[in-house]
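# Structure at a glance
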Amino acid sequence: MSIVEYPSGSSFPGVIGRTFDTSSPAWPKPLRAGEGAPNVLFVILDDTGFGQLGCFGSPIRTPNLDRLAENGLRYSNMHTTALCSPTRSCILTGRNHHSNGMACITEGSTGYPGSNGYIPFENGFLSEILQQHGYNTYAIGKWHLTPAEQISAAGPYDRWPLGRGFERFYGFLGGETNQYYPELVYDNHQVEPPKSPEEGYHLTEDLVDKAIQFVADAKQAAPNKPFFLYFAPGAMHAPHHVPREWADRYKGAFDDGWEAYREKAFARQKELGIVPADAVLSRHDPDVKPWAECSAEERRLYARMMEVFAGFLEHTDFHIGRLLDFLGKVGELDNTIIMVLSDNGASAEGGPTGSVNENLFFNNVPESLETNLAAIDEIGGPTTFNHYAWGWTWAGNTPFRRWKRETYRGGISDPFIVHWPAGIKAKNEVRRHFAHAIDMVPTILDALDIEAPTTIRGVTQAPIEGFSLAHTFDDATAAGKHHTQYFEMMGHRSIYHDGWRAVCPWPGPSFTEAGAFFGKPIPADTLTEIDATGWELYHVDEDWAENHNLAAENRARLIEMIATWYVEAGKYNVMPVDGRGVQRFAEERPQLTADRSRYTFYPHTQAVPFNAGPRLLNRSHSITAEVEIPEGGAEGVLVSYGGTDGGYTLFVQDGLLQYVQNYVARDYLHVKADKPLTAGRHELRFEFEVTGEPDFAHGKGAAGRAQLYVDGKLTGQSDFPHTTPLSLGLTGGITVGADPGAPVCPFYRAPFEFTGIIHQVTFDLSGELIEDDEATMRRVMARQ
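Just so it is clear, the model here is predicted, and its values are computed rather than measured.

Our focus in this paragraph is the overall build of the protein chain. Within the protein chain one finds 15 helices and 31 strands. A compact globule built from 784 residues should have a C-alpha radius of gyration of about 28 Å, and the protein chain, at 27 Å, falls within 12% of that. With the C-alpha coordinates aligned to their principal axes, the bounding extent of the protein chain is approximately 90 × 80 × 55 Å. Taking all 784 residues of the protein chain together, the buried fraction comes to 61%. Expressed as a percentage of contacts within the protein chain between residues at least 6 apart in sequence, the contacts between residues at least 24 apart total 76%.

Next comes the structure, spelled out in structure tokens:
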């Protein structure tokens, strides 16, 4: 919306007579921002820990983010929700994640107001507010704020970026994507990357190119019109993809291990004033193997994983620098309020050993040190889907304990930078004020002298729940306004109040014993018991890294803190406390269409995401393509899903119908026709008949007989001793007529578009589904 026709509630202010000479015109009043109104730029990093930026003590080089800190402010007491989508909802609305219905990622939503995954329109986005004040609004990169069942071409689109106040969007809708072969959406439709990895493509560079283009497009037409740019690259979420030359810059830099990283980063944090001079480093994590106990081969592999991560971060910083340089070139940098934040602490989703293919973990296929070492030179490249070992996660959150998904400070404390030379006199200073992601919107509105609207597009607005930090910009001694903040993530709970924190972890002394990543079901009687004995108490004003549990010594304060947590939970729709894992992710959710056993897809259409497509694993099924083969033959992919990490493809090559299932890049289950196709119209069918039960615990899907038919006649057969058990692939969608992005198999060069005519492809799911809900949960949680 670029203009308002007339002031709300008023009639046409001119005169309308019988003829022009007796009439007086009155033009609609354009929406214009005030003279000299600053631009706003949010840079939202993913899975970046408190101790991973150079300006927060890391040995990783981030010169462009460092220059923002040197010419601006670092807030060392900033907090998030411990998970990506919930935090991002806070960043854009100024309301708590449960108030936004975003207790978890949308794939983990439940049918309660605080967790249904539908951000209410009563909670307006900053983009919607600023658009009403004459700003251009752009979203670039990761979104992950649309209900998972609404991201297909069927929509609805009202919770896509363009439905929430952004005028333009370029990025991906889900929680993660392949940096070389991303699932791109431009405004409201899918697009392919402009070039291939072999031609030098990388998502971060592409996103910055689009950010520069969007701003330049408007500035050349309306140079005085300010913009709001929400820039959220996929970095530093896995896969940690970066060209090899960037990773090689760190050769040998991490050979001394994760404990040494922590010691060096902590010392540097003290030098920078990021942590108090008397702060004490948190304990060695019980789930992290001491570096000295790792074998020489393990140390070589783990060090390379961290070199790749470091190169990825420096590469990301370089391209952020390109955006900053552009803003400087066009004279907009100094009058742009820039806020940099990560959405949660560093991620432990790589597990204790890391991986060159995360899909192994989500299929219960054990990692192999030998196999991973054989691929060590490929880590970070297009053939891998890699993540580092969680020892580096622990190091990345220095000086705190734990990590993403947990509400200890390692999961919720994040680097925060504010840069606005035209509006902030202070330079290179640190602020210790308690802050939370919900404070960003009210801070921007305060800095812009804009009142929060009472309505947006006719919808009455709920109060903003955060507090402005603008009064601290030039006054380090100013009293903080944010005194109390609750935290809850899948049953892991904590609360801050005036320098104290109470934390209630999942039951169990260690990560694994506490239910791995996801917590456990917490019945009411168990919750009562946990409330009586499970809470810890830390005086974080004096104990920065939560080392000294004072629950026994200060029982009265702990009881008061627990009571305050429940008061806050009641205010913000936190209840019911839900520590479920398997059951939560298996919860039935609203569907666009009724469940069906037949799906029909067409060529030249958008890819169909996993949540909207057929579930093929561990059940008998068939795939039938109705095609026309021209004289001289045809070749190419009939239908495909997935990529190098896993998937399937039905294709024609050398005149022969073929099917391949990529079993986590460890094996290619292949069946080929024994006779070439002839010219004319044909019905080409792949059938899979289950002949053996899956063994989920050992990473084996159902055994079965794979058969190929041409016009109803059997033309190829193979017995698959096992299939993929749980996750076909972490990215991609069902595509007819090509294999876009990362190729499913190495037998052809993607996209290998079909050169004949495809009329339609039909999936028939006649077989009973055998599934493992716990593993399904692990897969969806990885994509956040």
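Structure's up, so let's keep going.
This brings us to the state of the cysteines. Counting across every chain of the model gives 0 disulfides. Left without a disulfide partner, C90 is nearest to the cysteine sulfur of C84, which lies 12 Å away.

Here the focus is the environment of Y572. Relative to the helices and strands, Y572 is located in the loop between α13 (555–571) and α14 (582–585). We classify Y572 as buried; its relative accessible area is 16%. On a C-alpha basis, the gap between Y572 and S58 in space is 36 Å, while along the polypeptide they are 514 residues apart. Leaving out residues up to four positions away in the same chain, Y572 has contacts with N96, H98, S99, E465 and Y486.

What links the strands of a sheet is backbone hydrogen bonding, and the strands pair in either a parallel or an antiparallel sense. In space, the 4 strands of this open sheet follow the order β17-β18-β19-β20, with antiparallel pairing throughout. A single partner strand is all that each edge strand has here, and the edge strands are β17 (484–489) and β20 (536–538). Within the sheet, the average angular offset between the axes of one strand and its neighbour, ignoring direction, is 15°. In this structure, β17 lies alongside strand β18 (residues 492–497), joined through 6 bridges in antiparallel fashion. Paired with Y486 across the strands is I495, a residue of β18. In the packing of α13 onto the sheet, the strands contacted are β17, β18, β19 (500–504) and β20, and the crossing angle to β18 comes to about 105°.

In this structure, M236 follows A235 across a cis peptide bond, with omega equal to 10°. Structurally, M236 can be placed in the loop between β10 (227–232) and α5 (244–247). In this model, A238 is joined to P239 through a cis peptide bond whose omega is 0°. Residue placement: P239 occurs in the loop between β10 and α5. Positive phi, close to 65°, is recorded for A665, a residue that is not glycine.

What follows deals with the nonpolar core. By size, the foremost hydrophobic cluster in this structure holds 83 residues, and its most contacted members are F231, W258 and W392. Here this core gets 15 residues from one element, more than from any other, and that element is helix α7 (residues 296–329). Ignoring sequence-local partners within four residues, the contact set of F231 consists of L41, F42, V43, I44, I140, L207, V208, A211 and I320.

What follows concerns the pairing of β19. Across the 5 residues of β19, 5 count as buried, placing the element largely inside the fold. Both faces of β19 are covered, namely the face carrying W500, A502 and C504 and the face carrying R501 and V503. Sheet topology note: the β18/β19 ladder contains 5 bridges and is antiparallel. Looking at β19, one finds that R493 is bridged to C504. The turn joining β18 and β19, which pair antiparallel and follow one another in sequence, is formed by 2 residues; a positive phi near 45° is taken by D498.

Criteria and thresholds
- Residues numbered from 1 in each chain as written.
- Predicted model: local features only at pLDDT ≥ 70, side-chain atom pairs only at ≥ 80, totals over all residues.
- Heavy atoms only, no water.
- Helix = DSSP H or I, 4+ residues; strand = E, 2+ residues; numbered from the N terminus.
- Rg over C-alpha atoms; globule rule 2.2 N^0.38 Å.
- Buried < 20%, exposed > 50% of the residue type's maximum accessible area, 1.4 Å probe, protein only.
- Contact = heavy atoms within 4.5 Å.
- Disulfide = S-S within 2.5 Å.
- Pairing = 2+ DSSP bridges.
- Axes fitted to C-alpha atoms, helices over the stretch in contact; angles between N-to-C directions.
- Core = buried A, V, L, I, M, F, W, Y, C linked by side-chain atoms within 4.5 Å.

By themselves, these observations are geometric and do not establish any function.
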